[in-house]
Every structure is written in C-alpha cells, then in structure tokens.
Amino acid sequence: MTCPFPPGSPTYPLKAHVNEVTRAGLDLARRATADWGTEFDPDILLPILILHDVDKPLLYVREAGGAGHAQLYHELPHGVVGAMLLKDLGFPHSVVSTVATHATNAPFHGANREAHVLHYADLFAADHALRVMGKTPFYLRHGR
Ligand SMILES: [Fe+2]
Ligand SMILES: [Fe+2]
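This section reports on the structure supplied with the text. None of these values were measured; they are calculated from a predicted model.

This part is about the coordination of the iron ion (ligand 1). The protein atoms that coordinate the iron ion (ligand 1) are Asp53 (OD), His78 (NE2) and His102 (NE2), at distances of 2.1 to 2.2 Å. In terms of primary sequence, the donors binding the iron ion (ligand 1) are separated according to D-x24-H-x23-H. Separating the iron ion (ligand 1) from the iron ion (ligand 2) is a distance of 3.7 Å, and Asp53 supplies a donor atom to each of them. One end of the pair, His78, is in the loop between strand E2 (66-69) and helix H4 (80-88); the other, His102, is in the loop between helix H5 (93-100) and helix H6 (113-132), and 24 residues separate them in sequence. By the burial criterion, His78 is buried, and His102 matches it.

The structure is reproduced here in structure tokens:
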C-alpha cells in the first residue's frame, strides 16, 4: 500500500517525496563539500534523508479521495514520532534529534550541517509535490 505525502494528495506518494529528498540532499551535500569544504558523515546524513518522514504512515489514515489524520497525529508532532522510532532502533542522537525537529512548524531546528541540508532538500521536494497537486508551494506563501 502506498502512503500519500500530505493529506488530500492521493496522486503524490510518500515514497516519491522521500526519494526526491534523498537525491536532492545528496546533491546539496556534494555541492557544500565542493564549494565550502563542508564534510558530511554518510552514516548520519543518509538515515536523516531517508527516514525523516518515517512516522507519516502512522500519522495519516487513508480516506476516500486522499488521507486524513490518525489519532496519533493529534497526540504527538510529526518528526517526534519518527524520532522515537529511530531512538528505539538505536540510531545516533544527531539522527534522532534532527528528525525530531525537522518539521516546518517545529519550535526550532537542529543546528548541525545535516539538518541544514535536510531542511532545503525537504522543502525543495515538498514544493515540487505541492506544484504537482495544484497547491501553493511553501516559497510562494510568504505574506499570505
Ligand atoms: Fe516531514
Ligand atoms: Fe519530507
């Protein structure tokens, strides 16, 4: 079964979003390394990119014409649920904390380099998904 990316988006699967975030994030990391000499630990960056939305299948339920919010969505924030899973699985703290705070509405974001890459890769890919769905991308919402 495919999981939709956000609610009301039956045409845009979560796996497509995750693949786009992962590819964009790897491209950004390569660029940062080439231009700025910024090094990334692939054992930290890759799980962050691939697993940043791992909790979404637990937060949404499939409904006619798209998806709605599961009960858990109203109990814990997106990102925090994923971080709890990753903590249980033994991922390093930097992976857990970055996933916990990556959501656009999180009270703050991680200051590590991987969080920086994830932020822009995630928004880049999310804005593409929103365009495909005929919705307003985040970068065009400022001031609205
Ligand atoms: Fe997310
Ligand atoms: Fe995402």
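Following the structure, the description resumes.
Looking at the metal site, the iron ion (ligand 2) is ligated by His17 (NE2), His52 (NE2), Asp53 (OD) and Asp122 (OD), spaced 2.1 to 2.3 Å from it. Bound by four donor atoms, the iron ion (ligand 2) shows angles of 86 to 179° at the metal and therefore irregular coordination geometry. On the primary sequence, the residues serving as donors to the iron ion (ligand 2) are separated as H-x34-H-D-x68-D.

The subject of this paragraph is the packing of H4 against H5. In a packed pair of helices, the relevant descriptors are the angle between the two axes and the axis-to-axis distance. At their nearest, the axes of H4 and H5 sit 7 Å apart, and the two run at 165° to each other. Classified by the angle their axes make, H4 and H5 are roughly antiparallel. In this structure, H4 meets H5 at a crossing whose hand is right-handed. Between H4 and H5, the residues in contact are Val80, Gly82, Ala83, Leu86 and Lys87 and Val95, Val96, Val99 and Ala100, respectively. The residue makeup of the contact of H4 with H5, split by class, is seven nonpolar, one polar and one charged.

Definitions and cut-offs
Residues numbered from 1 in each chain as written. Chains lettered and ligands numbered in written order. Predicted model: local features only at pLDDT ≥ 70, side-chain atom pairs only at ≥ 80, totals over all residues. Heavy atoms only, no water. Donors = N, O, S within 2.8 Å, 3.2 Å for Na, K, Ca; no water. Helix = DSSP H or I, 4+ residues; strand = E, 2+ residues; numbered from the N terminus. Buried < 20%, exposed > 50% of the residue type's maximum accessible area, 1.4 Å probe, protein only. Tetrahedral: all angles 85-135°; square planar, octahedral: opposite > 155°, others 65-115°. Axes fitted to C-alpha atoms, helices over the stretch in contact; angles between N-to-C directions. Parallel < 35°, antiparallel > 145°, perpendicular 65-115°, else oblique. Left-handed = near helix turned anticlockwise from the far one by under 90°. Contact = heavy atoms within 4.5 Å. Nonpolar A, V, L, I, M, F, W, Y, C, P; charged D, E, K, R; others polar.

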